[in-house]
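Per-entry structural report
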There are 6 protein chains.
Amino acid sequence: MEVSARNKLKGTVKKVLLGQVAAEVVMDVGGQEVVAVITRQSAQELNLKEGDSVYAVIKATDVMIGK
Amino acid sequence: MEVSARNKLKGTVKKVLLGQVAAEVVMDVGGQEVVAVITRQSAQELNLKEGDSVYAVIKATDVMIGK
Amino acid sequence: MEVSARNKLKGTVKKVLLGQVAAEVVMDVGGQEVVAVITRQSAQELNLKEGDSVYAVIKATDVMIGK
Amino acid sequence: MEVSARNKLKGTVKKVLLGQVAAEVVMDVGGQEVVAVITRQSAQELNLKEGDSVYAVIKATDVMIGK
Amino acid sequence: MEVSARNKLKGTVKKVLLGQVAAEVVMDVGGQEVVAVITRQSAQELNLKEGDSVYAVIKATDVMIGK
Amino acid sequence: MEVSARNKLKGTVKKVLLGQVAAEVVMDVGGQEVVAVITRQSAQELNLKEGDSVYAVIKATDVMIGK
């Protein structure tokens, strides 16, 4: 399945923090840190762990610009 | 002002497309393409143009993981 | 690629409206209407047209509850 | 009050998971599962429980398309 | 219908800009400007016009903090 | 750094609730309550506490209208 989100940034998982409902996933994307908050269940279903090759998937309307 | 968004990815503007209400901004971030949709007015107020050094600013709750 | 978004609702495209930057896609999901706004480019790259079988993909943190 | 969000999907609550800050609400919408993450306080104020008739309310700009 | 979004800020419409797909709505909320981008169709269905009493409705997970 | 988000609402922190992954921050903005959910780490890095002068920063595409 191809998803319409325009941003699919290749990276590596550095850290996974599981909460009761949410989970924080820290990735390295080309030398810059990218942090995602997804549900605990998603993190477990994707079996996310340090070293995994993943993509940070982000809808264009959720990206702001800083200058 | 420091903003709580966890993701501030340093990049360069490649292209700006102005619509009536929205604007699409394509950036290069460490060799990967990042696309933002912001309002036309924001793009004009930030005077965004090709070659600008910018940050892609993204709230962690808006980042998904693909594996 | 499996995406962490918890909501993948199977549906059929009913209408696609292309703007300069954005595109509105109206779908039928189990008899209820679901509307997405994605970028024009995404709509064209996915070659979306009436009758297509698609999924409405939605991050759980973007779903509110009305009661 | 009518809200501008284009997506109001009629469904039934199947499960409510309360965390310290967030709450996960699983619904059945026309035979498909829809998951929301809202704040714990919202879940309590709406007094959400299994069997409740509710709506999944989603802004169109938060819906992606998978094909 | 009560919606789980925690933020319902009472304000007045100052300006409505209709695009092909999106619409920008500028409001005054307690002396501060709040801008929404919704779909053109929503703006028309709500028959939004200058002077209308409205609420800016925002999910808590979409609010960042600047300090 | 100027951020493209169109909404920067000046307010004061009333309460901070830290969870394992998320944090809820309640603010007073011109006499109306605004609630943000950010990551625990952001709340700690910004050293948010009652009485702080802050801004509620919100992207226009995340604002709905209620009428």
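What you see is a predicted model, and the numbers here were worked out from it, not measured in a lab. (Residues numbered from 1 in each chain as written. Chains lettered and ligands numbered in written order. Predicted model: local features only at pLDDT ≥ 70, side-chain atom pairs only at ≥ 80, totals over all residues. Heavy atoms only, no water.)

Some details on the overall build of chain A
Across its full length, chain A holds one helix and five strands. Secondary structure elements in chain A, listed N-terminal to C-terminal, are β-β-β-α-β-β. Taking the principal axes of the C-alpha coordinates as reference, chain A spans close to 35 × 25 × 25 Å. Burial statistics for chain A: of 67 residues in total, 61% are counted as buried. Sequence-distant contacts, at least 24 apart, represent 40% of the contacts inside chain A between residues at least 6 apart. Of the roughly 2400 Å² of accessible surface on chain A, 45% is carried by carbon and sulfur atoms. Of note, chain A has its 9 positive side-chain charges centred 5 Å away from the centre of its 8 negative side-chain charges. (Helix = DSSP H or I, 4+ residues; strand = E, 2+ residues; numbered from the N terminus. Buried < 20%, exposed > 50% of the residue type's maximum accessible area, 1.4 Å probe, protein only. Contact = heavy atoms within 4.5 Å. Areas by Shrake-Rupley, 256 points an atom, 1.4 Å probe, with all protein chains shown as cover. Lys, Arg positive; Asp, Glu negative; His and termini not counted. Charge placed at Lys NZ, Arg CZ, Asp CG, Glu CD.)

Focus on the relation of the copies chain B and chain A
Between chain B and chain A, which share one sequence, the superposing operator has a rotation angle of 180° and an axial displacement of 0.0 Å; the RMSD is 0.0 Å. On this basis, the relationship between the two copies can be described by a two-fold rotation axis. Among all residues of chain B, the one whose C-alpha sits closest to the rotation axis is Gly30(B), at a distance of 2.8 Å. Same-surface contact between copies: 100% of interface residues of chain B are shared with the interface of chain A. (Least-squares fit on C-alpha atoms with pLDDT ≥ 70 in both.)

Topic: the pairing of strand E3 (residues 32–39) of chain E
The element E3(E) is largely enclosed, with a buried count of seven among its eight residues. The turn joining strand E2 (residues 22–29) of chain E and E3(E), which pair antiparallel and follow one another in sequence, is formed by two residues; a positive phi near 55° is taken by Gly30(E). (Pairing = 2+ DSSP bridges.)

Description of the interface of chain B and chain A
Residue-level contacts link 35 residues of chain B with 35 residues of chain A. Of the roughly 3100 Å² buried between chain B and chain A, counting both surfaces, carbon and sulfur atoms make up 57%. Summed over the three residues of chain B that lose the most area to chain A, namely Gln32(B), Ile65(B) and Lys67(B), the buried surface amounts to 23% of that side. Here chain B is connected to chain A by four salt bridges. Of the charged contacts in the structure, one is a salt bridge between Glu24(A) and Arg6(B), with a shortest N-O distance of 3.0 Å. The tally of links between chain B and chain A comes to 18 residue pairs in polar contact (both at pLDDT 80 or more). Secondary-structure elements contributing two or more residues to the side of chain B that touches chain A are strand E1 (7–18), strand E2 (22–29), strand E3 (32–39), strand E4 (53–58) and strand E5 (64–66) of chain B. Take the side of chain B that touches chain A: its biggest share by element is seven residues, from E3(B). Considered class by class, the residues forming the side of chain B that touches chain A number 20 nonpolar, six polar and nine charged. (Buried area = accessible area lost by both parts, 1.4 Å probe. Salt bridge = Lys/Arg side-chain N within 4 Å of Asp/Glu carboxyl O. Polar contact = N/O pair within 3.5 Å; in protein donor to acceptor, adjacent residues only side chain to side chain. Nonpolar A, V, L, I, M, F, W, Y, C, P; charged D, E, K, R; others polar.)

Quick notes on the UniProt feature "domain: Mop" (unreviewed entry) in chain A
If you check UniProt for "domain: Mop" (unreviewed entry), the listed places come out as residues 2–67 of chain A in our numbering. Its end C-alpha atoms 31 Å apart, residues 2–67 of chain A is made of 9% helix and 56% strand. (UniProt positions renumbered as here; feature names shortened; annotations may be inferred.)

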